[in-house]
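# Chain and residue survey
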Amino acid sequence: MTPRQDDSKEDEKDGESNRLLPSAASPSSDGEESEEAAYEARDKIAIVDVDEIPGSADGLPLDYVPPFSWKKLWMFTGPGFLMSIAFLDPGNLEGDLQAGAIAGYSLLWLLMWATAMGLLIQLLSARLGVATGRHLAELCRDEYPDWARLILWFMAEVALIGADIQEVIGSAIAIQILSRGVLPLWAGVLITASDCFMFLFLENYGVRKLEAVFAILIATMGSSFAWMFGDAKPNGKELLLGLLIPRLSSKTIRQAVGVVGRVIMPHNVFLHSALVQSRKIDPKKTCKVREALKYYNIESSIALLVSFVINLFVTTVFAKGFYGTKQANSIGLVNAGQYLEEKYGGGVFPILYIWGIGLLAAGQSSTITGTYAGQFIMGGFLNLRLKKWLRALITRSFAIGPTIIVALVFNKSEASLDVLNEWLNVLQSMQIPFALIPLLTLVAKEQVMGVFKVGPVIERMAWAVAVVVMLINGYLMIDFFVSEVKGLLFGLLACSGTVAYLSFIIYLASHGGVFASRSPSYGVELSKQNSIDGN
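The numbers attached to residues start from 1 for each chain and follow its sequence in the written order. This being a predicted model, a pLDDT of at least 70 is required before a residue's local features are given, and a value of 80 or more before pairs of side-chain atoms are given or counted; all residues contribute to the totals for chains, interfaces and linings. Side-chain metrics rest on all non-hydrogen atoms present in the structure, leaving aside hydrogens and water.

The protein is annotated in an unreviewed UniProt entry as Metal transporter Nramp2 from Linum tenue. UniProt positions are given in the numbering used here, feature names are shortened, and annotations may be inferred rather than shown by experiment. UniProt, in the comment section headed Sequence similarities (unreviewed entry), describes the protein in these words: "Belongs to the NRAMP (TC 2.A.55) family." UniProt lists a comment for the protein under the heading Subcellular location (unreviewed entry), and it reads "Membrane".

### Some remarks on the overall build of the protein
Within the protein one finds 24 helices and zero strands. Partly exposed residues are those whose accessible area sits between 20% and 50% of the maximum for their type, while under 20% is buried and over 50% is exposed, using a 1.4 Å probe and protein chains only. Counting every position in the protein, which comprises 535 residues, the buried fraction comes to 52%. Contacts are assigned to residue pairs with any non-hydrogen atoms lying within 4.5 Å of each other. For the protein, restricting intrachain contacts to residue pairs at least 6 apart in sequence, the fraction spanning at least 24 positions comes to 86%. Values of accessible area rely on a 1.4 Å probe in the Shrake-Rupley scheme; residue burial ignores everything except the protein chains shown. Counting only carbon and sulfur atoms, one obtains 64% of the accessible surface of the protein, whose full area is about 23500 Å². To qualify as a helix, a DSSP run of H or I must reach at least 4 residues; to qualify as a strand, a run of E must reach at least 2; elements of each kind are numbered from the N terminus.

### Quick word on the packing of aromatic side chains
Stacked, edge-to-face and tilted are the three classes for Phe, Tyr and Trp ring pairs, Trp counted by its six-membered ring, which pair at centre distances within 6.5 Å; planes under 30 degrees apart are stacked, over 60 edge-to-face, the rest tilted. Scanning all chains against the criterion turns up 16 aromatic pairs. Each ring, one from Phe322 and one from Tyr339, has its centre 6.2 Å from the other, and the planes form 50°; the classification is tilted. Remark: Tyr339 occurs in helix α15 (residues 333–344) and Phe322 occurs in helix α14 (residues 286–322); sequence separation between them is 17 residues. Its relative accessible area of 2% is what places Phe322 among the buried residues. According to the relative accessible area criterion, Tyr339 is buried, its value standing at 15%. Charge-over-ring contacts are defined here by two conditions on Lys NZ or Arg CZ: a distance within 6 Å of the ring centre and an angle within 35 degrees of the ring normal. Just above the ring of Trp74 sits the side chain of Arg208; from NZ or CZ to the centre is 5.2 Å.

### Some thoughts on the side chain of Arg134
Position of Arg134 relative to the elements: it lies in the loop between α5 (108–132) and α6 (136–143). A relative accessible area of 11% means that Arg134 is categorised as buried. In protein, a polar contact means a hydrogen-donor-capable atom and an acceptor-capable atom, both N or O and within 3.5 Å, with residues adjacent in sequence counting only if both atoms are side-chain atoms; elsewhere, any N or O pair within 3.5 Å suffices. Within the local environment of Arg134, its side chain forms a polar contact with the side chain of Asp142, the two groups lying 2.8 Å apart.

### Here we look at the confidence of the model for the protein
Per-residue confidence for the protein gives a mean pLDDT of 79, with 81% of residues at or over 70. Low pLDDT, under 50, characterises residues 12–33; the predicted model gives this stretch 17 contacts beyond four residues in sequence or across chains. The predictor attaches a confidence to each residue, and that confidence, scored 0 to 100, is pLDDT.

### Comments concerning the packing of helix α7 (residues 146–178) against helix α13 (residues 266–275)
Every axis corresponds to a line fitted to the C-alpha atoms, with the helix fit spanning only the stretch in contact, and the corresponding angles, defined between N-to-C directions, vary from 0 to 180 degrees. Interaxial distance between α7 and α13 falls to 8 Å at its minimum, and their mutual angle equals 105°. The orientation of α7 relative to α13 falls into the category roughly perpendicular. Between α7 and α13, the residues in contact are Ala156, Ala159, Leu160, Ala163 and Glu167 and Pro266, His267 and Phe270, respectively. We call Asp, Glu, Lys and Arg charged. Ala, Val, Leu, Ile, Met, Phe, Trp, Tyr, Cys and Pro are nonpolar, and the rest, Gly among them, are polar. In terms of residue class, the contact of α7 with α13 is made up of six nonpolar, one polar and one charged. When an angle is under 35 degrees it counts as roughly parallel; over 145 it counts as roughly antiparallel; between 65 and 115 it counts as roughly perpendicular; any other value is oblique.

### Digging into empty space enclosed by the protein
Only protein atoms enter the 1 Å grid, on which a cavity is a set of points fitting a 1.4 Å probe that cannot get out and a pocket is an open set with protein on both sides within 12 Å along at least 5 of 7 lines, lining residues being those with an atom within 4 Å of a point. Grid points are joined across faces, edges and corners, and a volume is the space filled by probe spheres set on the points. The tally for this structure, following the rule as stated, stands at four cavities of 30 Å³ or more. Here the largest cavity defines a volume of roughly 140 Å³. As for the largest cavity, its lining consists of 14 residues, of which Glu94, Ile169, Leu333, Leu417 and Asn421 are closest to the centre. Residue contributions to the lining of the largest cavity peak at five residues, all from helix α18 (residues 414–431). Where the lining of the second largest cavity is concerned, the elements lending two or more residues are α4 (90–103) and α5. The residue inventory of the lining of the second largest cavity, partitioned by class, reads four nonpolar, three polar and two charged.

### Remarks on helix α10 (residues 207–232)
Between its first and last C-alpha atoms α10 spans 38 Å; for 26 residues at 1.5 Å apiece the expected length is 38 Å, and the two agree. Phi turns positive one or two residues past the end of α10, at Lys233, with a value near 50°. What a helix should span is 1.5 Å times the count of its residues minus one.

Structure (structure tokens):
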């Protein structure tokens, strides 16, 4: 073979590689190799109105933060609302309607405090992303040895697939409702799968356009469920008492556990730490980071307040219509629309279709954010520099294949879908420690966070929330396995799996110092830079 033929072969190989991989970024000035990043520099939104802030040499303290600006808040608005969609996915809506139908207004106080607990965890996730300039999956890649990193990646993918199946099935149910049953469940799954291409199409027009679409979907949910709330006319006094007075009974303990257990979605913890990097923020400039954290904290709080109100609407509608009735224990996503129609009738805008529209908006928005989270999880843990369309296609394929099988197998009855939903809830509950423990470990490490390491009070509060959520989800898992696992073989397998599961959790909880030994430069350089800024 001639040298020219050899060169031709090499060119062909390079061309094939370039079609699958983005063009390699040139090494940075400090000699570091290019790594997978949540957003390319050209895709990030510039905070154009943020003036350069002089250091303490000009008479300003190091912790100086510019005064509040509505314009800047608008520039930072977006990531928190995308994050909040996980609190509004079809799985959460089903939990809301079941809590309302079975427990009435009595668990509204728990819904409020559970949302507050979720907010604390999400604020820490955002803090990690802003302060380090990297997201949780990327940091886990450096923090843990390869075997632990791969287990964490696998667990994150399993949690994402479980959530995605629920979200896609929720969208398919909504399509079935809106088509009056003409389209079967599997057809709704295929239609929902097309959101991957819509997502890719929107991404080409920039982050802001994508955020605008999610804003429309959230507004659609809010409008639909607010309309239902107005139609149902729930008891205002009972609603207020439900928010202010804690009440719990043995009959509603399962619903109470579900309300708290749903506030932490494992993939959402990874997602939020990446979404905040869509704005151009230099993590080495302390004042810029403080300002970004201030606006992200405000924006995330507003977003979760909106999600709380929407969840409140759903819970109270079903509390008003079905609490104390014989249908209360049998209501779920599949038959909720039918029960609503029987209870509240038609009218100019039948409540069945209003419910279907809200459910469709919830399902579509959550499946797209699931695709987004899947890209960050895969890219961060494995450092894969694939093109966006290929990475999104792989992520979507992981979920759509199992979901189509599920739609065909479990479409026999409402009861079978309820059993499936219970299994998926347990599956996601099992993954919660593998997102929470790494997050809380990293935000408390000075080598990672520099001066933005959380203080002891916040750290204790966060661990208290994490322990409560993990214990509650542990209760759900034990309760489920005791009732579902039968036979000696399955019992032995469950015991063996439990031992391995708990051993890995203990390893994660006791782990420390690996990040400093394997990749010490980042946190040290950040601390040094902060010192330089102050001198």
